[in-house]
Amino acid sequence: MLDDAAHIAPEHHLVRYSGRGTFSPGIIARAEGSSVFTEDGRELLDFTSGQMSAILGHAHPAIVATVREQVGRLDHLYSGMLSRPVLDLARRLTGTLPEPLQKVMFLTTGAEANEAALRMAKLVTGRHEVVSFARSWHGMTQAAANATYSAGRAGYGPAAPGNFALPVPDRFRPGIVDADGNLDWRRQLDLGFELIDAQSVGSLAACLIEPVLSSGGVIELPLGYLAALRDKCHERGMLLILDEAQTGLCRTGDWYAFEHDGVVPDILTLSKTLGAGLPSRPC
Ligand SMILES: Cc1ncc(COP(=O)(O)O)c(C=O)c1O
């Protein structure tokens, strides 16, 4: 594709965030509702923007009015200062959550939320080891990327010490099966933790997982798995961190996917559905 104005391929001066190949053809001039519009007048149905976060579509009039109003009144603050929107959002968000999830910290991206959750878990437990699923996606910054196994590890040199992968309980491509050929997730979970215990230096801090693996292939955990995983974590003094960047705020039918299994995590991270494409750190 050529950038018509300059007759230079965009790849000449732009680095693509991820993936192989080039940028999509056409320059996007604007977006509205479920569509994006190219400079040359084509309307494209948009299934992609914000990487699965555009739950309200583009340019929703109420969002546009709120952003316009707020940016003219108060755009950002020193982190020790408070504004009314922050207080209101914290109250409304904690109102959707059970005990002990009654305190929030607002950041900007999903990776940043997972970084903060992992730092908190390390601080609280005084340990450093982290377990996550072998097909996970938690973000592309340091600790989040070290807990991510579905992409992005090759070529960056040594990963942080103390990160372990747990096999994914995938019913359609089962790793360990029972006599009927069905996934034996309990046995798989036991074996997974046997391996982790064997490799651990006795410093297991947290397990960070998605309750529905998203980038790993939209894999739902079998009923009972999350409760069994929580027990494995708590037996070892580890915290259970659930990354609901993609599943939180009613996307799976309930407010949060963890409700399906009646398991409340020690820390919950939210992102995409909270900001709906805008950074979720209010001023
Ligand atoms: C489950 C999950 N967690 C975290 C992230 C990282 O979010 P961000 O790209 O906002 O850093 C993603 C991104 O796709 C994700 O799918």
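Residues numbered from 1 in each chain as written. Predicted model: local features only at pLDDT ≥ 70, side-chain atom pairs only at ≥ 80, totals over all residues. Heavy atoms only, no water.

*Asks:* A description of the packing of aromatic side chains should follow, citing residues and the corresponding values.
*Replies:* Counted by the stated rule, this structure contains four aromatic pairs. Between Phe133 and Tyr225, the ring centres sit 6.0 Å apart and the planes meet at 40 degrees, which makes this aromatic pair tilted. Placement of the pair is Phe133 in strand β4 (residues 129-133) and Tyr225 in helix α7 (residues 225-235), with a sequence separation of 92 residues. Both residues of the pair, Phe133 and Tyr225, count as buried. A ring pair is formed by Tyr256 and Phe258, whose centres lie 5.5 Å apart and whose planes are at 0 degrees; its orientation type is stacked. Each member of the pair, Tyr256 together with Phe258, is buried. Grouped by ring-pair contacts, the aromatic residues Phe133, Trp185 and Tyr225 constitute a single cluster. We note Arg30 situated over the ring of Phe37; from NZ or CZ to the ring centre the distance is 4.0 Å. (Phe/Tyr/Trp six-rings, centres within 6.5 Å; stacked < 30°, edge-to-face > 60°. Helix = DSSP H or I, 4+ residues; strand = E, 2+ residues; numbered from the N terminus. Buried < 20%, exposed > 50% of the residue type's maximum accessible area, 1.4 Å probe, protein only. Lys NZ or Arg CZ within 6 Å of the ring centre and 35° of its normal.)

*Asks:* Provide a residue-level description of the packing of helix α6 (residues 185-199) against α7, including the pertinent values.
*Replies:* Two numbers describe a pair of packed helices, the interaxial angle and the distance between the axes. Relative to each other, α6 and α7 sit at 25 degrees, their axes nearing to 11 Å. Viewed along their axes, α6 and α7 adopt a mutual orientation that is roughly parallel. Along this stretch, α6 crosses α7, giving a crossing that reads as right-handed. Mapping the contact onto sequence places Trp185, Leu189, Asp190 and Phe193 in α6 and Tyr225, Ala228, Leu229 and Lys232 in α7. (Axes fitted to C-alpha atoms, helices over the stretch in contact; angles between N-to-C directions. Parallel < 35°, antiparallel > 145°, perpendicular 65-115°, else oblique. Left-handed = near helix turned anticlockwise from the far one by under 90°. Contact = heavy atoms within 4.5 Å.)

*Asks:* Summarise the environment of Glu220; cite the residues concerned and give the values.
*Replies:* Within the secondary structure, Glu220 sits in strand β8 (residues 219-220). Classification of Glu220 by relative accessible area gives partly exposed; the value is 49%. When the C-alpha positions of Glu220 and Glu210 are compared, they lie 9.3 Å apart, and in sequence the two are 10 residues distant. Discounting residues that sit within four places of it in the chain, Glu220 has contacts with Pro169, Arg171 and Val212.

*Asks:* Got a sec to walk through the sheet that holds β4? Specific residues and values, please.
*Replies:* If you walk across this open sheet you meet the five strands as β5-β4-β6-β9-β10, and the pairing is parallel. Two strands close off the open sheet at either side, each with one partner strand: β5 (163-166) and β10 (267-269). Direction aside, neighbouring strands of the sheet carry axes that sit 20 degrees apart on average. Taken together, the four bridges between β4 and β5 define a ladder with parallel strand orientation. Residue pairing for β5: Phe133 is matched across the bridge by Leu166. Taken strand by strand, α6 contacts β4, β5 and β6 (204-209), and its axis lies near 165 degrees from that of β5. (Pairing = 2+ DSSP bridges.)

*Asks:* Quick one: what's the story with the site of the ligand, residue by residue and with numbers?
*Replies:* As a matter of local geometry, the ligand sits amid 13 residues, with Gly110, Ala111, Asp243, Gln246 and Lys272 nearest to it. Asp243 places a side-chain nitrogen or oxygen 2.6 Å from a nitrogen atom of the ligand. Gln246 is positioned such that a nitrogen or oxygen atom in its side chain is 2.7 Å from an oxygen atom of the ligand. For the ligand, the accessible surface in isolation is 390 Å², of which the surrounding protein chains cover 87%. The element contributing the most residues to the shell around the ligand is helix α4 (residues 110-125), with three residues. For the shell around the ligand, the per-class residue count stands at three nonpolar, seven polar and three charged. (Near = heavy atom within 4 Å. Polar contact = N/O pair within 3.5 Å; in protein donor to acceptor, adjacent residues only side chain to side chain. Areas by Shrake-Rupley, 256 points an atom, 1.4 Å probe, with all protein chains shown as cover. Nonpolar A, V, L, I, M, F, W, Y, C, P; charged D, E, K, R; others polar.)

*Asks:* Outline the domain arrangement of the protein chain, listing residues and values.
*Replies:* In many reports, interface size means the accessible area that the parts give up when they come together. Domain annotation of the protein chain identifies domain 1 (10-65) and domain 2 (76-275). A straight line from the C-alpha centre of domain 1 to that of domain 2 covers 29 Å. Opposite the six residues of domain 1 that make contact, domain 2 presents six residues. Between domain 1 and domain 2 lies a buried interface of about 510 Å² when both sides are counted; carbon and sulfur atoms form 52% of it. Inspection of the region where domain 1 meets domain 2 yields zero salt bridges. Seen at the junction of domain 1 and domain 2, the total is two residue pairs in polar contact (both at pLDDT 80 or more). For the side of domain 1 that touches domain 2, the class distribution of residues is three nonpolar, three polar and no charged. (Domains from an automatic or database assignment. Buried area = accessible area lost by both parts, 1.4 Å probe. Salt bridge = Lys/Arg side-chain N within 4 Å of Asp/Glu carboxyl O.)

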